[in-house]
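Observations on the model geometry
Take a look at the letters that make up each chain.
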Amino acid sequence: MDDKKIIFSGIQPTGCITLGNYLGALKNWVNLQKDYNCIFSVVDLHSITVRQDPTELRKRCMSFLMQYLACGIDGEENIVYFQSHVSAHAELSWILNCYTYMGELSRMTQFKDKSSKHADNINAGLFTYPVLMAADILLYQTDLVPVGIDQKQHLELCCDIAKRFNGVYGDVFKIPQGYIPKEGARVMSLQDPTSKMSKSDPNVNGFISILDDADTIRRKFKRAVTDSDGEIAYREGKDGINNLLSIYSAITNQTIDESVNEFAGLGYGVFKERVAEAVIEELRPVREKYDELSKNKDYIKQIYTEGAKRANYLASKTLRKIHRKLGYVDR
Ligand code: TYM
């Protein structure tokens with residue numbers, strides 16, 4: 001490999017890839033891929049902290065990988081693969097579990113959230129999930145992790161674990177940095193703009209899937225919850241409008257101020273239509289590419305098989321180094 005820095009990131013195959021995932025993560029992966037050696041994984045090991053239907057999960061995993069490519073990720077230049085195809089993730093996760101404190105994991109807000117949502121299944125995997133995420137990142141000596149803001153706490157924990165391990169054994173892991181976009185780092189639900197747009201929201205009007213067709217996108221924005229003061233401005237208390245302005249700004253690569261100026265004096269109806277049209281145009285090529293890829297399953301298989309092979313090679317190198325440091329007998 002050349003001397004480019006390394007990016008690692010992933011999306012859990014649950015629900016469907018939303019506009020939030022796209023603006024918070026995927027769009028930035030696409031923009032950064034020229035300048036980095038990138039490793040993008042469909043993190044299927046993570047997804048079973050919540051019960052999954054096996055047939056659905058298999059389909060969804062394939063679909064997510066195809067959506068990465070449809071968004072413009074180059075599957076030949078980069079490493080694109082399924083996490084479960086590289087066993088080093090689970091192995092390193094075990095090791096790092098022994099260098100992570102219960103107290104640290106109990107403070108994770110996502111664990112608190114998810115355990116209250118799935119009170120009947122608070123499994124140990126849900127609790128140690130951030131350790132697996134740390135393993136994903138640290139296995140590849142990653143420099144940069146492009147994610148939305150909700151992953152910031154997990155990323156900080158990853159750095160703490162890496163520093164702790166390095167403190168005992170010397171320089172084993174590179175300490176990664178997050179890449180969180182200015183706009184789009186936290187896209188909110190269209191139905192409840194005080195909570196995050198979530199891919200497993202039971203209310204389909206709350207999120208946009210990146211594969212939604214134009215009419216669906218138009219309808220969902222039309223129904224988006226706003227407020228009654230009628231002014232297109234970005235300020236506290238205007239969560240719905242703030243969200244639409246951030247979405248528009250993230251897509252058009254302009255500042256919030258520029259977006260506010262662009263819509264000055266317009267009514268909410270026209271504003272929503274314009275945001276919807278911007279989203280439709282952004283996602284149109286994604287849907288088209290996805291349909292094309294769906295007809296080429298052999299090519300997809302080649303991408304993820306080759307991806308796992310290359311990921312395995314890199315991950316085993318790190319794992320070998322760790323085994324030596326820990327004092328395990330050479331194989
Ligand atoms: P996940 O699958 O929940 O989300 C995937 C990516 O999308 C971002 N995101 C959002 N960004 C903006 N607005 C939103 N409403 C929104 N919702 C989600 C997330 O921040 C994330 O970047 N634990 C991770 C997956 C993971 C991972 C990793 C990420 C596992 N290992 C290693 C990076 C590196 C997760 O559950 O993301």
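Residues numbered from 1 in each chain as written. Predicted model: local features only at pLDDT ≥ 70, side-chain atom pairs only at ≥ 80, totals over all residues. Heavy atoms only, no water.

With 62 residues, the main nonpolar core has L19, L26, Y68, F221, I247 and V279 as its most contacted residues. At eleven residues, helix α12 (residues 268–294) tops the list of elements feeding residues into this core. Counting only domains with at least three residues in this core, you end up with domain 1 (6–180 + 296–326) and domain 2 (213–291). The residues contacting F221, other than those within four sequence positions of it, are L19, L190, I208, L244, I247, K272, V275, A276 and V279. Ranked by size, the runner-up nonpolar core spans 40 residues in total, among them M108, V131, M133 and C158. (Core = buried A, V, L, I, M, F, W, Y, C linked by side-chain atoms within 4.5 Å. Buried < 20%, exposed > 50% of the residue type's maximum accessible area, 1.4 Å probe, protein only. Helix = DSSP H or I, 4+ residues; strand = E, 2+ residues; numbered from the N terminus. Domains from an automatic or database assignment. Contact = heavy atoms within 4.5 Å.)

To continue, consider the site of the ligand. Near the ligand, the surroundings consist of 27 residues, among which Y129, D136, D150, V187 and K199 are the closest. D136 places a polar side-chain atom, nitrogen or oxygen, 2.6 Å from a nitrogen atom of the ligand. Contacts to the ligand include M197, whose backbone N or O atom sits 3.0 Å from a nitrogen atom. Look at the ligand: alone it shows 700 Å² of surface, and the protein chains cover 97% of it. The pocket occupied by the ligand, as judged from atoms lying within 2 Å of grid points, is the largest pocket. Listing elements by their share of the shell around the ligand, those giving two or more residues are β1 (5–11), α1 (19–32) and α7 (124–139). For the shell around the ligand, the per-class residue count stands at twelve nonpolar, ten polar and five charged. (Near = heavy atom within 4 Å. Polar contact = N/O pair within 3.5 Å; in protein donor to acceptor, adjacent residues only side chain to side chain. Areas by Shrake-Rupley, 256 points an atom, 1.4 Å probe, with all protein chains shown as cover. 1 Å grid on protein atoms, 1.4 Å probe; cavity = no way out; pocket = protein on both sides within 12 Å on 5 of 7 lines; lining within 4 Å. Sits in = over half its atoms within 2 Å of the grid points. Nonpolar A, V, L, I, M, F, W, Y, C, P; charged D, E, K, R; others polar.)

Along its sequence, the protein is carved into domain 1 (6–180 + 296–326) and domain 2 (213–291). Here domain 1 and domain 2 have C-alpha centroids that lie 30 Å from each other. Between domain 1 and domain 2, the contact holds ten residues from the first and eleven residues from the second. Summed over both partners, the interface of domain 1 with domain 2 buries about 870 Å², with 70% contributed by carbon and sulfur atoms. Linking domain 1 to domain 2 there are one salt bridge. Taken together, the links from domain 1 to domain 2 amount to three residue pairs in polar contact (both at pLDDT 80 or more). The greatest single-element share of the side of domain 1 that touches domain 2, amounting to five residues, is contributed by helix α3 (residues 54–70). When grouped by side-chain class, the residues that make up the side of domain 1 that touches domain 2 number seven nonpolar, two polar and one charged. (Buried area = accessible area lost by both parts, 1.4 Å probe. Salt bridge = Lys/Arg side-chain N within 4 Å of Asp/Glu carboxyl O.)

Attention now goes to a positive patch on the surface. On the surface, a cluster of positive charge is contributed by K317, R320, R324 and R331. In this fold, K317 is placed in helix α13 (residues 297–326). On the basis of relative accessible area, K317 is assigned to the partly exposed category, the value being 45%. (Patch = residues over 30% accessible without salt bridge, like charges linked within 9 Å, V, L, I, M, F, W, Y side chains within 5 Å. Lys, Arg positive; Asp, Glu negative; His and termini not counted. Charge placed at Lys NZ, Arg CZ, Asp CG, Glu CD.)

The next subject is empty space enclosed by the protein. The final tally for this structure, using the stated rule, is one cavity of 30 Å³ or more. Reported here for the largest cavity is a volume of approximately 60 Å³. Taken together, M108, Q110, F111, K114, L126, Y129, P130 and H154 make up the full set of residues lining the largest cavity. Of all elements in the fold, only α6 (109–117) and α7 reach the threshold of two or more residues within the lining of the largest cavity. (Points joined across faces, edges and corners; volume = space filled by probe spheres on them.)

Right, let's talk about unusual backbone geometry for a bit. With phi around 50°, Q141 is a residue other than glycine that occupies positive phi space. Tracing the backbone through its elements, the reader meets Q141 in the loop between α7 and β4 (144–146). Here the phi dihedral of N253 falls at roughly 55°; this positive angle occurs in a residue that is not glycine. Here N253 shows up in the loop between α10 (239–252) and α11 (256–263).

The next thing to look at is the packing of aromatic side chains. What the rule picks out here adds up to twelve aromatic pairs. Between the aromatic rings of Y81 and Y140, the centroid separation amounts to 6.5 Å while the plane-to-plane angle is 65°, which identifies the pairing as edge-to-face. Of this pair, Y81 sits in strand β3 (residues 79–82) while Y140 sits in the loop between α7 and β4; the two residues are 59 residues apart in sequence, bridging distant segments of the chain. In this structure, Y81 and Y140 share a single accessibility class: buried. Geometrically, the ring pair formed by Y99 and Y169 is edge-to-face, given 6.1 Å between the ring centres and 70° between the ring planes. Of the two residues, Y99 is situated in the loop between α4 (88–97) and α5 (102–106) and Y169 in helix α8 (residues 152–169); the sequence distance between them amounts to 70 residues. Three or more aromatic residues joined by ring pairs form one cluster here, namely Y99, F165, Y169 and F173. (Phe/Tyr/Trp six-rings, centres within 6.5 Å; stacked < 30°, edge-to-face > 60°.)

This next bit is on the packing of helix α9 (residues 214–222) against α12. For the pair α9 and α12, the least separation of the axes is 9 Å and the interaxial angle reads 150°. In terms of axis orientation, α9 runs roughly antiparallel to α12. Our pair here, α9 against α12, has a crossing hand that is right-handed. Along the contact surface, α9 presents A214, I217, R218, F221 and K222, while α12 presents K272, V275, A276, E277, V279, I280 and L283. (Axes fitted to C-alpha atoms, helices over the stretch in contact; angles between N-to-C directions. Parallel < 35°, antiparallel > 145°, perpendicular 65-115°, else oblique. Left-handed = near helix turned anticlockwise from the far one by under 90°.)

This paragraph deals with the pairing of β1. Across the seven residues that make up β1, a large majority, five, are buried. Note: β1 against strand β2 (residues 36–42), seven bridges, orientation parallel. Residue pairing in the sheet places I11 in a bridge with V42 of β2. Note that the unit made of β1, α1 and β2 has a crossover that is right-handed. (Pairing = 2+ DSSP bridges. Right-handed = clockwise from strand over helix to strand, strands pointing away.)

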